[in-house]
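Spelled out, the chains give:
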Amino acid sequence: MLSGEENFNQYFGNANQVTDPTTKAGLARYGMTGGASERKWERFDLAQEPNEANRHGWVVEIDPYDPDSTPRKLTALGRFKHEAAEPRLTRDGRVVVYMGDDERFDYFYKYVSTNRMMSGTSRRARRHNRGLLEEGTLYVARFTGNSPAEEIDGTGALPEDGEFDGTGEWIPLASGDESFVDGMTAQEVYVFTRLAADKVGATKMDRPEDVEPNPRTGAVYIALTNNTRRGAAGQPGPDEANPRTNNKHGQIVEVMESRNDPSTLRFTWRLLLVCGDPADPSTYFAGFPKDQVSPISCPDNLAFDDYGNLWISTDGNALETNDGLFGVALEGRYRGQVKQFLTVPVGAETCGPIIEERRVLVAVQHPGEVDGASFDNPGSHWPDGPGTRPRPAVVNVTRTRGGRIGA
């Protein structure tokens with residue numbers, strides 16, 4: 001089981017008291033510049049231990065089948081704000097892990113193991129497989145659009161060819177003790193992965209949160225939640241993969257690895273959705289008629305059902321409505337038709353969807369998290385009703401009569 005250390009930067013204080021310029025620059029690149037920590041939880045004092053933050057921001061591997069095992073931080077997968085680490089196997093049995101760095105203008109990564117997975121659950125196989133995420137190559141993605149730059153003007157207007165699409169390449173960063181980044185050792189690449197990706201010219205994305213390979217087709221989907229700083233003064237402008245300035249609503253990228261081989265160094269891509277109100281001319285729903293789709297804003301987590309349909313949970317809806325769970329077909333005449341399945345309470349985030357034949361599980365996170373709410377004046381009374389304080393919960397939605405969920 002893999003777990004990502006995401007918003008670790010919010011728990012460190014006194015970054016402004018660090019004096020070494022190199023250390024200070026590294027902290028700043030990971031969002032630590034001020035005095036008080038963002039969470040006001042002053043457990044970690046960077047003025048006393050300036051390298052303490054480097055111990056956080058990793059993917060952690062947990063073995064639920066071995067109660068005596070110790071959770072391990074997988075440094076070969078790089079250090080950044082991990083919200084996703086989704087594996088896929090190559091044809092020859094190597095493990096590929098796709099990852100996003102949940103920050104404005106940060107990057108889309110993958111890791112390819114050196115060794116192949118060993119089948120079975122024997123002690124020998126388990127010992128071998130536990131090393132697959134420790135020996136391999138870490139890559140970062142560069143996206144190239146296929147339309148003239150003047151056609152990507154920041155409004156979200158489609159280029160003349162009718163799609164936001166193009167090609168891409170995987171740029172190697174490090175493998176074992178070998179660095180592929182000028183001026184950085186392999187160890188520096190793993191600890192300061194954002195700086196390494198900056199150096200090699202990776203594409204700055206609009207908050208890549210979840211990354212999910214489609215188990216039926218192998219295509220990889222990236223939820224880019226939003227980026228209201230795109231195009232602001234001193235900030236990067238639009239590109240074909242991130243085509244809107246002041247991007248409040250986000251988009252979803254569909255990546256097709258060359259020859260459907262996840263270990264390859266080349267891919268093609270296109271935008272499946274450019275989210276928002278269908279009445280907004282800057283939105284796009286894979287070419288599907290916009291009068292037949294649900295509004296959707298701020299895609300966060302992704303999942304697939306057994307039929308290959310994509311399910312999207314949202315976080316931070318900028319349409320003045322609550323977040324929710326949505327389904328969208330990826331093939332056939334209904335490709336791009338977004339349908340809303342459920343809504344969560346005010347202030348809540350929809351996350352962690354699991355889609356089964358007759359059941360959907362969804363986590364309702366921080367209901368009532370709205371401006372002005374407090375313990376004594378809660379912003380919601382979900383799930384227990386009037387007079388209670390809000391609590392997060394997991395909701396089980398079950399189909400009680402024939403058919404399947406989403407049909």
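Just above sits the structure.
Draft legend 1. Fine view of helix α4 (residues 193-200). Of all the positions in α4, only Thr193, Arg194, Ala196, Ala197 and Val200 are classed as buried. In a view along the axis of α4, the buried residues occupy a sector of 160 degrees, so they form one face of it.

Draft legend 2. Spotlight on the nonpolar core. Residues Met32, Leu77, Met99, Val140 and Leu173 are the most contacted members of the largest nonpolar core, which totals 39 residues. Among the elements of the structure, β7 (94-101), β9 (108-116), β10 (136-145), β11 (165-175), α3 (186-191) and α4 are those that each provide at least two residues to this core. Sequence-distant contacts of Val140, defined by excluding residues within four places in its chain, comprise Tyr107, Phe108, Tyr109, Glu169, Trp170, Ile171, Leu173, Ala197, Val200 and Ala202. If you look at the next biggest cluster of nonpolar residues, it comprises 24 residues, including Phe108, Ala141, Val255 and Tyr284.

Draft legend 3. Spotlight on the packing of aromatic side chains. Taken as a whole and assessed by the stated rule, the structure comprises 16 aromatic pairs. Relative to Trp41, the ring of Tyr11 has its centre 5.4 Å away and its plane inclined at 85 degrees; by these criteria the two rings are edge-to-face. Here the residue Tyr11 occupies a position in the loop between β1 (2-4) and β2 (12-13), and Trp41 occupies one in the loop between α1 (21-29) and β3 (44-45), the gap between them amounting to 30 residues. For Trp41, a relative accessible area of 42% corresponds to the partly exposed category. Taking 6.3 Å as the distance between ring centres and 35 degrees as the angle between the ring planes, the aromatic pair formed by Phe108 and Phe143 counts as tilted. Here Phe108, found in strand β9, pairs with Phe143, found in strand β10; they are 35 residues apart in sequence, far enough to count as distant. Like Phe108, the residue Phe143 is buried in the burial classification. A cation over an aromatic ring shows up here: Arg404 above the ring of Tyr307, its NZ or CZ 3.7 Å from the ring centre.

Draft legend 4. Representation of unusual backbone geometry within the structure. In this structure, the amide linkage connecting Trp382 to the following residue, Pro383, adopts the cis form with an omega of 5 degrees. Its place among the elements puts Pro383 in the loop between β24 (359-365) and β25 (393-398). If you check the backbone angles, Asn260 has positive phi at about 55 degrees while not being a glycine. Among the secondary structure elements, Asn260 is positioned in the loop between β16 (251-257) and β17 (266-274). Overall, Asn260 belongs to the partly exposed group, its relative accessible area being 34%. Despite not being glycine, Ala286 shows a phi value in the positive range, around 55 degrees. Along the chain, Ala286 falls in the loop between β18 (284-285) and β19 (299-304). Ala286 gets classed as buried once you look at its relative accessible area, which sits at 18%.

Draft legend 5. Representation of the pattern of salt bridges in the model. Applying the stated criterion across every chain yields a total of 24 salt bridges. Among the salt bridges present, the one from Glu5 reaches Lys73, with a minimum N-O distance of 2.9 Å. Within this pair, whereas Glu5 is found in the loop between β1 and β2, its partner Lys73 is found in strand β5 (residues 72-74), the two being separated by 68 residues in sequence. Judged by its relative accessible area of 19%, Glu5 falls in the buried class. The partner of Arg142 in a salt bridge is Glu169, and the shortest N-O contact between them spans 2.8 Å. In this pair, Arg142 is assigned in strand β10 and Glu169 in strand β11, connecting sequence segments 27 residues apart. Its relative accessible area of 25% is what places Arg142 among the partly exposed residues.

Quick notes on the rules
Residues numbered from 1 in each chain as written. Predicted model: local features only at pLDDT ≥ 70, side-chain atom pairs only at ≥ 80, totals over all residues. Heavy atoms only, no water. Buried < 20%, exposed > 50% of the residue type's maximum accessible area, 1.4 Å probe, protein only. Helix = DSSP H or I, 4+ residues; strand = E, 2+ residues; numbered from the N terminus. Arc of directions from axis to C-beta. Core = buried A, V, L, I, M, F, W, Y, C linked by side-chain atoms within 4.5 Å. Contact = heavy atoms within 4.5 Å. Phe/Tyr/Trp six-rings, centres within 6.5 Å; stacked < 30°, edge-to-face > 60°. Lys NZ or Arg CZ within 6 Å of the ring centre and 35° of its normal. Salt bridge = Lys/Arg side-chain N within 4 Å of Asp/Glu carboxyl O.

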